[in-house]
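So the chains spell out like this:
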Amino acid sequence: MSKRDQILKSLEGKKIIIWGARMTGLGALRKLKEKGLNVHCFIDSDTAFINKKSYGYNVYNPNKLKEIINTSTDYSILLAVALKEDEIVEQLKKLDIEKNVSVYSFHDEDAPYYTVDILSSCNLKCASCPHSIEDTNVPKGSMTLDKFKKVFNKIIKDSPSVSHLSLYSWGEPLLHPYLDQIIDYVHEKNVAVALSSNLSINFDKRLEKIVRSKPDYLKISLSGFYPEAYNNTHQGGDIRLVKSNLYLLRYLLDKHNVNTLVDINYHLYKDNSGENIKKIEELADELGFIVSKTYALVMPLERVISHQDGKPDLQTQELEKNLLVTIDEGIEVSAKTKLPKNTCPFRENQININADLSVPICCTVWQRDENVVAKNYLESSIKEINLQKKRTSICTKCMELSLPEYNMGFNKSGWQEYAEKKEITDIGKIINSKIPKILIEQS
């Protein structure tokens, strides 16, 4: 019996509270429901979940835990988060409820977080994304349905207790012609599915097919409500089409009684952090979606390292003019919350598989060079992949520069302090002022 199966056995007869309402929590939800266990609700500290649900279940702030637990002695808490589990354990100690309730971790070392980039191209060329880089050796293309099935079968063989799968990395998965069949195939093994999209797509009838396959989580990348702001940072997209698709998505979810968690991931820049974000939040409330706010970053890792080496490309220099928190500022504040020496969750907890079957060191790199640790996932063991990761020189440099902490956005209060000092110009509705306080929290 695996460690995860032992935990599920211990939860029998309990009212289960899942801490973590996004992808890891949704993966746990599937496993719990498969065993016929009683899930009561989610707990998540992210203010995006205030008065919202995740896959049909209520999501409460941690300050509600005592009130919930005091109603019964039958509760257990399952920690299902990708990061910051140690912080949550400390938070539970402060709440002084561990004497009254059992706490379990859903983390399983034998089940890393898998990401399969089923489509290696995108319809947009956003300046903060490597798809805007002209000089690149990264091949375009998609993973065929047959090839995906072979990849997923190997994932199940390598990690039988895997609970969720992300079908995106740098590409736009909703352009894949067989996405609905891919989702169905993953669900056959009771594994949750995460998608990410810019939603600036003319779907015709394909969106309905995708919705009917019931993806568990859909993240939508946005950076403005008004066209002037959106077009400045989501180059090639059409915010009017995105809004139309958001309404269509709500209609289809209701039509087919689907509980997909729709998470509008809003990238904060100087030109979109006033009236634009307020209007997006109003739209999300109307549609029953959540809004996650994050300070825009420069990607991929190679561009950030070039910047730190004093060789920033022109595109990065231009992009930084619109960032609320510059690269140097973000690295400085993130480094105040240090990971243990020579460790990185991106390297140690993830297996990323590109559409061409190559395996990169982690989700933050782009180029197909020494950063690729396996040329073909189907012909490589997990042991070989993990061993090769520890031999990759870019990891040493990345950790020395505190870039894992930067990419994970550690110390959000420090980011916010820098952002509040910047002047903003909300394009579309011209507002010249100091940036308002924006609550940005992560579970």
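Residues numbered from 1 in each chain as written. Predicted model: local features only at pLDDT ≥ 70, side-chain atom pairs only at ≥ 80, totals over all residues. Heavy atoms only, no water.

Novice: Any chance you could break down helix α2 (residues 23-34) for me, citing the residues and the numbers?
Specialist: With 12 residues, α2 extends 17 Å from end C-alpha to end C-alpha; this agrees with the ideal 16 Å at 1.5 Å per step. For α2, the full list of buried residues reads Met 23, Thr 24, Gly 25, Leu 26, Gly 27, Ala 28, Leu 29, Arg 30, Lys 31 and Leu 32. Gly 36, located one to two residues past α2, shows a positive phi value of around 75°. (Helix = DSSP H or I, 4+ residues; strand = E, 2+ residues; numbered from the N terminus. Expected span 1.5 Å × (residues − 1). Buried < 20%, exposed > 50% of the residue type's maximum accessible area, 1.4 Å probe, protein only.)

Novice: I'd like a description of the pattern of salt bridges, backed by residues and values.
Specialist: Using the criterion set out here, one finds 21 salt bridges in the structure. The closest approach of N and O atoms between Arg 22 and Asp 46, which form a salt bridge, is 2.9 Å. Placement of Arg 22 in the loop between β1 (15-19) and α2 and of Asp 46 in the loop between β2 (38-43) and β3 (53-54) is noted, with a sequence separation of 24 residues between them. Grouping residues by exposure puts Arg 22 and Asp 46 together as buried. Of the charged contacts, one joins Arg 30 and Asp 216 as a salt bridge, the two residues approaching to 2.9 Å between their closest N and O atoms. Of this pair, Arg 30 sits in helix α2 while Asp 216 sits in the loop between α7 (206-212) and β10 (217-222), and the two are 186 residues apart along the sequence. (Salt bridge = Lys/Arg side-chain N within 4 Å of Asp/Glu carboxyl O.)

Novice: Tell me what's going on with unusual backbone geometry, and back it up with residues and numbers.
Specialist: In this structure, Pro 300 follows Met 299 across a cis peptide bond, with omega equal to 0°. Tracing the backbone shows Pro 300 in the loop between β12 (290-295) and α11 (301-308). Residues other than glycine seldom take positive phi values, yet Asn 190 does so here, at roughly 55°. Structurally, Asn 190 is set in the loop between α6 (179-187) and β9 (192-197). One non-glycine residue with positive phi stands out, namely Ser 402, at about 60°. Here Ser 402 is to be found in the loop between α16 (393-400) and α17 (403-407). Classification of Ser 402 as buried rests on a relative accessible area of 6%.

Novice: Give me helix α18 (residues 412-420): which residues, what numbers.
Specialist: When α18 is considered as a whole, its buried residues turn out to be Lys 412, Gly 414, Trp 415, Gln 416, Tyr 418 and Ala 419. On the buried face of α18, the contacting elements are β12, α13 (327-334) and α17. (Contact = heavy atoms within 4.5 Å.)

Novice: Got a sec to walk through the sheet that holds β3? Specific residues and values, please.
Specialist: Strands sit in the order β3-β4-β2-β1-β5-β6 across an open sheet of 6 strands; the sheet is mixed. At either end of the open sheet lies a strand with only one pairing partner, and these are β3 and β6 (102-105). Pairing geometry for strand β5 (residues 75-79) and β6, over 4 bridges, is parallel. Along β6, the bridge assignment pairs Ser 76 with Ser 102. Sitting on the sheet, α2 is in contact with β1, β2, β3, β4 (57-60) and β5, with an inclination near 170° to β2. Contacting β1, β5 and β6, helix α4 (residues 85-95) runs over the sheet at an angle of about 150° to β5. (Pairing = 2+ DSSP bridges. Axes fitted to C-alpha atoms, helices over the stretch in contact; angles between N-to-C directions.)

Novice: An account of the side chain of Arg 4 is needed here, citing residue identities and associated values.
Specialist: By secondary structure assignment, the location of Arg 4 is in helix α1 (residues 3-10). At 4.2 Å, Asp 108 is the nearest oppositely charged side chain to Arg 4, a buried residue that forms no salt bridge. Once you skip the residues sitting within four places of it in the chain, Arg 4 turns out to touch Phe 106, His 107, Asp 108, Ala 111, Ser 161, Val 162 and Ser 163. (Lys, Arg positive; Asp, Glu negative; His and termini not counted.)

Novice: Would you mind going over the environment of Ser 2 in detail, with residue names and values included?
Specialist: Looking at where Ser 2 falls in the secondary structure, it is placed in the segment before α1. For the pair Ser 2 and Gly 428, spaced 426 residues apart in sequence, the C-alpha separation works out to 55 Å.

Novice: Would you mind going over the confidence of the model for the chain in detail, with residue names and values included?
Specialist: Caution applies to low-pLDDT regions: their predicted coordinates should not be interpreted in detail. Of the residues in the chain, 96% have a pLDDT of 70 or more, and the chain-wide mean is 91. Predicted confidence is poor over residues 431-443, with pLDDT under 50, and the contacts of this stretch with residues over four places away or in other chains come to 49 contacts. (pLDDT = per-residue confidence, 0-100.)

Novice: Describe the sheet that holds strand β13 (residues 350-353), naming the residues involved and giving the relevant values.
Specialist: As summarised here, the arrangement of the 7 strands in space is β12-β11-β10-β9-β8-β7-β13, forming an open sheet in which the pairing is parallel. Taken across any chain shown, the strands that pair with only one partner, and hence form the sheet edges, are β12 and β13. Here the average twist between neighbouring strands, direction ignored, is 20°. Pairing geometry for β9 and β10, over 4 bridges, is parallel. Along β10, the bridge assignment pairs Ser 196 with Lys 219. The sheet contacts of helix α9 (residues 239-255) involve β10 and β11 (261-268), and relative to β10 the element is tilted by about 160°.

Novice: So what's going on with the packing of α11 against α13? Which residues, and what values?
Specialist: Two measures define how a pair of helices packs: the angle their axes make with one another and the distance between the axes. The interhelical angle for the contact between α11 and α13, taken along N-to-C directions, is 95°, at an axis separation of 11 Å. In this view, α11 runs roughly perpendicular relative to α13, as classed from their interaxial angle. Of α13, the residues touching α11 (which contributes Val 304, His 307 and Gln 308) are Ile 327, Asp 328 and Ile 331. Here the residues of the contact of α11 with α13 are counted per class, giving 3 nonpolar, 2 polar and 1 charged. (Parallel < 35°, antiparallel > 145°, perpendicular 65-115°, else oblique. Nonpolar A, V, L, I, M, F, W, Y, C, P; charged D, E, K, R; others polar.)

Novice: An account of the packing of aromatic side chains is needed here, citing residue identities and associated values.
Specialist: This model, assessed by the stated rule, comprises 7 aromatic pairs. Ring geometry for Trp 170 against Trp 366: centres 6.0 Å apart, planes inclined by 85°, an arrangement best described as edge-to-face. One end of the pair, Trp 170, is in the loop between β8 (164-166) and α6; the other, Trp 366, is in the loop between β14 (359-360) and β15 (372-374), and 196 residues separate them in sequence. The pair Trp 170 / Trp 366 is uniform in exposure class, with both members buried. Ring geometry for Tyr 406 against Trp 415: centres 5.8 Å apart, planes inclined by 20°, an arrangement best described as stacked. Per residue, the accessibility class of Tyr 406 equals that of Trp 415, and both read buried. Connected via pairs of aromatic rings, a cluster forms that spans Phe 148, Phe 152 and Tyr 185. Across from the ring centre of Tyr 377, 4.0 Å away, lies the NZ or CZ of Lys 154, which sits over that ring. Positioned over the ring face of Phe 225 is Lys 243, at 3.5 Å from the centre of the ring. (Phe/Tyr/Trp six-rings, centres within 6.5 Å; stacked < 30°, edge-to-face > 60°. Lys NZ or Arg CZ within 6 Å of the ring centre and 35° of its normal.)

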